[in-house]
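Per-entry structural report
As a plain string of letters, each chain reads:
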Amino acid sequence: MPHKLDQLHFDNRFVQQLPTDASTGQHPRQVEEACYSPVTPTLVSNPQLIAYAQEVADLFDLTAADCHSDYFTQIFAGNQLAQGMQPYAMCYGGHQFGHWAGQLGDGRAINLGEVLNKKGERWAMQLKGAGLTPYSRTADGLAVLRSSVREFLCSEAMFHLGVPTTRALSLMTTGEQVARDMFYDGNPQWEKGAVVCRVAPSFIRFGSFEIHAARNNVTLLRELVDYTLRTDFPHLGEPSVETYLAWFNEVCIKTAEMVVHWQRVGFVHGVMNTDNMSILGLTIDYGPYGWLDNYDPDWTPNTTDREQRRYRFGNQPQIAGWNLNQLANAIYPLIEQVEPLQQALQLYSKTFIDGYQAMMTEKLGLQVFEPDTDKALQDDLLAVLVLAETDMTIFYRKLANISTGIELSDKQLMAELSEAYYQPEKLTEVIKTQTVLWLRRYINRVQQDKTEDTQRKQAMNLVNPKYVLRNYLAQLAIDKAEQGDNSLVNELLEVLRHPYAEQPEHQTWAEKRPDWARTKAGCSMLSCSS
Ligand code: AMP
Ligand code: MG
């Protein structure tokens, strides 16, 4: 019997329908007049399976036995190609930190092709860290275990939280050593090399369109847009100016929905450059991302962005809008009308604002949004959350426990929330008074809403996760994996499959960030080195 991986139905439309690079080889170069370059993954000496996600394997009807086979390891570390795979790297550009950066491209991502699964779904597979491509510029095309554990776990954690995201099938170490200067201080260290296999319906980014627009190549721009419409947005109909506009409107809506989810769960992407914005509104490219422990809208995990804080938590909605603006500029030559593009950008803002309001209403366990009171209730809560260091995730779970049926004293109210505070001794009388004032307004509002406490708690616990991939948790899993112990990677993968469930046996992984992690690299700040 051939291996299941050799029986997958590959339908590699991207390489079949779009123009290819005229040059060959992996040397760095500008790739003009093409959407991709054929490449082959670099062979590695000793690939080992660290983890895989069964739900992603299920998309391809791969069983646990299939995933534990040596063939699976060889393929998803880049040592072999299964029947039907046609590896290639995509050409794209991007705005990085607000500036046009020219050609970027898949510098260390290698697409293997697109599988049509039994359900008729299209899933592209992509190795990250599998070696040089024409887009590697001065870098090595590789990835280290540290960043690969982070990408693998976070992709799956986000999926189970209900956040649109690319998925991760597998995580392999390669047996190779990779040099990384993590602190950019001239002290590179050898780290274990690793490869993640990412999976998504498409890996096309805003920057995929921007590159052709920047080169004034309207023909290629149109080819790629038409391809995207036919492949990923077939419900919009055959390409025309009207469908281009309908498409851009949909991208605006999907992007808004994605960012609402980020704000709901406390996720900070960290590098919202336009090359890291998926055309499908999926969270993509897990680099120096982070999760809010204490609620702080100004926080960013990315040390490269420490000064400007362009990509801080509270700025993500605005930046997504800015990025959509760049996409609008890129596709303008196909539409040549400013007005409808601007309307779509306004639709982004409206979708975000409405979605955010609805999301906050749900986080608070209210059935309806009462404009007269609830906007202020939501805004004032965010002001209360920054009075003292307050763990965002724990706060909402504790808020769900507060009973509104019986009269509670100020002390009792504060006691309900005590676990959410990082430094309870710093809660001054003023802070306590302001917090209690807000809580009493909230309780009144819930009473008006006429929801039973038990029902409210149930509803709140479906949108306010108990378990998120706190930065220090990922780091604990990494520290062990670097010592050859993969148990915590796999345990966290398992816990994060049910982020809204109580899972009392896993309570440790729901605790707030311990003090040692406050300023530790990887836990509170991350460089782009990966
Ligand atoms: P990022 O900020 O991680 O999205 O990366 C920006 C660009 O740098 C993309 O074109 C990546 O493919 C490329 N890149 C990042 N790391 C590497 C690496 N180790 N080797 C080659 N290219 C890389
Ligand atoms: Mg990227």
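As the structure is a computational prediction, the values presented were derived from the model and not from experiment. (Residues numbered from 1 in each chain as written. Chains lettered and ligands numbered in written order. Predicted model: local features only at pLDDT ≥ 70, side-chain atom pairs only at ≥ 80, totals over all residues. Heavy atoms only, no water.)

Turning next to the overall build of the protein. A count of helical and extended segments in the protein gives 17 helices and 13 strands. Taken against the 2.2 N^0.38 rule, which gives 24 Å for 530 residues, the C-alpha radius of gyration of the protein at 24 Å falls within 12% of a compact globule. In terms of overall dimensions, the protein has C-alpha extents of about 75 × 55 × 50 Å along its principal axes. Accessible surface for the protein amounts to roughly 21,200 Å². Of this, 52% is attributable to carbon and sulfur atoms. Each charge sign in the protein was given a centre, from 47 positive and 64 negative side chains, and these centres are 3 Å apart. (Helix = DSSP H or I, 4+ residues; strand = E, 2+ residues; numbered from the N terminus. Rg over C-alpha atoms; globule rule 2.2 N^0.38 Å. Areas by Shrake-Rupley, 256 points an atom, 1.4 Å probe, with all protein chains shown as cover. Lys, Arg positive; Asp, Glu negative; His and termini not counted. Charge placed at Lys NZ, Arg CZ, Asp CG, Glu CD.)

A few words now on the nonpolar core. Core analysis: the largest hydrophobic core is formed by 169 residues, its most contacted members being Phe76 and Met125. The contact partners of Phe76, leaving out residues within four places of it in the chain, are Leu5, Met85, Leu112, Met125, Leu127, Leu169, Ser170, Met172, Val195 and Cys197. (Core = buried A, V, L, I, M, F, W, Y, C linked by side-chain atoms within 4.5 Å. Buried < 20%, exposed > 50% of the residue type's maximum accessible area, 1.4 Å probe, protein only. Contact = heavy atoms within 4.5 Å.)

What follows is about the site of ligand 1. Near ligand 1 there are 17 residues, and of these Gly105, Gly107, Arg137, Gly141 and Asn276 occur at the shortest range. Contacts to ligand 1 include Gly107, whose backbone N or O atom sits 2.8 Å from an oxygen atom. At a separation of 3.4 Å, a nitrogen atom of ligand 1 approaches a polar side-chain atom of Arg180. Judged by the fraction of its atoms near the pocket grid, ligand 1 is located in the largest pocket. A class-by-class count of the residues in the shell around ligand 1 yields four nonpolar, six polar and seven charged. (Near = heavy atom within 4 Å. Polar contact = N/O pair within 3.5 Å; in protein donor to acceptor, adjacent residues only side chain to side chain. 1 Å grid on protein atoms, 1.4 Å probe; cavity = no way out; pocket = protein on both sides within 12 Å on 5 of 7 lines; lining within 4 Å. Sits in = over half its atoms within 2 Å of the grid points. Nonpolar A, V, L, I, M, F, W, Y, C, P; charged D, E, K, R; others polar.)

As assigned here, the protein comprises domain 1 (4–202), domain 2 (207–362) and domain 3 (370–460). Summarising the inter-unit geometry, the C-alpha centres of domain 2 and domain 3 are found 33 Å apart. With 14 residues of domain 2 at the contact, the number on the domain 3 side is 14 residues. Note on domain 2 versus domain 3: buried area summed over both sides is about 1,100 Å², and carbon and sulfur give 60% of it. Among the residues of domain 2 in contact with domain 3, Asn294, Tyr295 and Met360 are the three that bury the most area, contributing 53% of the side total. Taken together, the links from domain 2 to domain 3 amount to zero salt bridges. Where domain 2 packs against domain 3, one counts four residue pairs in polar contact (both at pLDDT 80 or more). When residues of the side of domain 2 that touches domain 3 are traced back to their parent elements, those giving at least two are helix H8 (241–265) and helix H10 (338–363). Of all the elements, H10 adds the most residues to the side of domain 2 that touches domain 3, at five residues. (Domains from an automatic or database assignment. Buried area = accessible area lost by both parts, 1.4 Å probe. Salt bridge = Lys/Arg side-chain N within 4 Å of Asp/Glu carboxyl O.)

On to the packing of aromatic side chains, then. Here the structure, examined in full by the defined rule, presents 19 aromatic pairs. Plain terms: the ring middles of Phe14 and Tyr88 are 5.2 Å apart, the flat faces sit at 10 degrees to each other, and that makes the pair stacked. Separated by 74 residues along the polypeptide, Phe14 in helix H1 (residues 13–17) and Tyr88 in strand E4 (residues 88–90) bring together distant segments of the chain. Here the aromatic rings of Trp438 and Tyr442 are separated by 5.3 Å at their centres, their planes lie at 5 degrees, and the arrangement is stacked. One end of the pair is Trp438 and the other is Tyr442, both in helix H14 (residues 429–449) and four residues apart, which spans about a single turn. Each member of the pair, Trp438 as well as Tyr442, is classed as buried. (Phe/Tyr/Trp six-rings, centres within 6.5 Å; stacked < 30°, edge-to-face > 60°.)

Unlike most non-glycine residues, Glu33 shows phi in positive territory, near 55 degrees. Accessibility expressed as a relative area gives 58% for Glu33, which makes it exposed. At Gln503, a residue that is not glycine, the phi angle is positive and equals roughly 40 degrees. Within the secondary structure layout, Gln503 lies in the segment after helix H17 (487–495). Classification of Gln503 as buried rests on a relative accessible area of 11%.

Here we come to the side chain of Thr231. Checked against the element boundaries, Thr231 lands in helix H7 (residues 218–232). Judged by relative accessible area, which is 12%, Thr231 ranks as buried. A polar atom in the side chain of Thr231 sits 2.7 Å from the backbone oxygen of Tyr227. Look past the residues within four positions of Thr231 in its chain and what remains in contact with it is Arg13 and Arg122.

Turning our eyes to something else, we now look at the environment of Phe72. Within the secondary structure, Phe72 sits in helix H4 (residues 70–77). For the pair formed by Phe72 and Leu62, sequence separation is 10 residues and the distance between their alpha carbons is 9.9 Å. Residues within four places of Phe72 in sequence aside, it is in contact with Leu5, Leu49, Tyr52, Leu62, Asp66, Cys67, Leu169, Ser170 and Met172.

In this section: the packing of H10 against helix H11 (residues 371–385). Between H10 and H11, the shortest axis-to-axis distance is 11 Å and the interhelical angle comes to 75 degrees. Comparing their axes, H11 and H10 come out roughly perpendicular. Residue-level contacts link Tyr356, Gln357, Met360 and Thr361 of H10 to Lys375, Gln378, Leu381 and Leu382 of H11. Of the residues belonging to the contact of H10 with H11, the class tally is four nonpolar, three polar and one charged. (Axes fitted to C-alpha atoms, helices over the stretch in contact; angles between N-to-C directions. Parallel < 35°, antiparallel > 145°, perpendicular 65-115°, else oblique.)

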